[in-house]
Structures are given as C-alpha cells and as structure tokens.
Amino acid sequence: SSPSLVIHSSNEWAEAHLEDDLEQVKETLLQEVVKMTSLDEEMVSHCSLHRWRYAKVVEPANQPYLLDTQLQLASCGDWCRDGRVEAAFHSAKQLALQLNELS
C-alpha cells in the first residue's frame, strides 16, 4: 500500500561510477531524488541499489525478434535492438503480433 519508486541513472553516469562504493552511490542517487522530488528522506523505508554491469548489449541483433517457425522457437528482448527497457517491450510486442498472425 506504500508508494514505490524505481530510479535509473543514465548509462554514462552509471559507467562513470561503476566501481564506486555501493553505499556512496546509493546515497548520492537518493539525495538527487530528494532534490528533484522534494521527497522527505525520513519517509524512505527501504532503498536498494543494483548495478546492471552486463545489461548494455555490445552488438544488438538489429532485428525486433528472432523467430524460427520450423523449430517453433522464438526469442525477444532488449538485446534485439539497443539494450533499453523500451526496446524489450517493443520486441515482445512485435513478436506477439507476429505469433498472432501465424496462429
């Protein structure tokens, strides 16, 4: 019943601070959120940080999804385009539309 926030930094900022102390990175990001939102820091009951070291795809597949109708295998994800969460959504949507057309 409590509100939740998920905060993402830019890729550039994350890469620049990838090896910094985890607690310091968490505190820096929290302070930025407090400044941007006027959130009362005392209201924060839980705060965690995850470093997605391997989330950015180096070489995307450059197609919206992979589909082998003969083997009945399909795959989709952010790695198909550019490694962003929006790309994962669009990849899944395009694959679902294609699968609907085939059925």
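Structure first, text after, so check above.
Caption draft 1: Structural context of helix 2 (residues 22-37). Compared with the 22 Å implied by 1.5 Å per residue over 16 residues, the 22 Å span of helix 2 between its first and last C-alpha is a close match. Those residues of helix 2 that fall on the buried side of the exposure criterion are Val25, Lys26, Leu29, Leu30, Val33 and Val34. Where helix 2 is buried, its residues meet helix 1 (11-16). Among the residues of helix 2, the N-terminal cap falls to Asp21, whose side-chain oxygen and the backbone nitrogen of Glu23 are separated by 3.3 Å. Once helix 2 ends, the next one or two residues include Ser38, with phi positive near 60°.

Caption draft 2: Broad picture of the environment of Leu95. Tracing the backbone shows Leu95 in helix 3 (residues 85-102). Those residues within four positions of Leu95 in sequence are excluded, and the remaining contacts are Tyr65, Leu67, Ala74, Ser75 and Cys76.

Caption draft 3: A look at the pattern of salt bridges. Taken as a whole and judged by the stated rule, the model has 3 salt bridges. Between Lys26 and Glu23 there is a salt bridge; the shortest N-O distance is 3.4 Å. Here the residue Lys26 and the residue Glu23 both occupy positions in helix 2, the gap between them amounting to 3 residues, near one helical turn. With a shortest N-O distance of 3.0 Å, Glu32 and Lys35 are connected by a salt bridge.

Caption draft 4: Molecular detail of unusual backbone geometry. Here Ser38, not a glycine, exhibits a phi torsion of approximately 60°, which is positive. Inspection of the secondary structure puts Ser38 in the loop between helix 2 and strand 1 (66-68). A positive phi angle, close to 60°, is found at Asn62, a residue other than glycine. Among the secondary structure elements, Asn62 is positioned in the loop between helix 2 and strand 1.

Definitions and cut-offs
- Residues numbered from 1 in each chain as written.
- Predicted model: local features only at pLDDT ≥ 70, side-chain atom pairs only at ≥ 80, totals over all residues.
- Heavy atoms only, no water.
- Helix = DSSP H or I, 4+ residues; strand = E, 2+ residues; numbered from the N terminus.
- Expected span 1.5 Å × (residues − 1).
- Buried < 20%, exposed > 50% of the residue type's maximum accessible area, 1.4 Å probe, protein only.
- Contact = heavy atoms within 4.5 Å.
- Polar contact = N/O pair within 3.5 Å; in protein donor to acceptor, adjacent residues only side chain to side chain.
- Salt bridge = Lys/Arg side-chain N within 4 Å of Asp/Glu carboxyl O.

So yeah, pure geometry; function would need other evidence.
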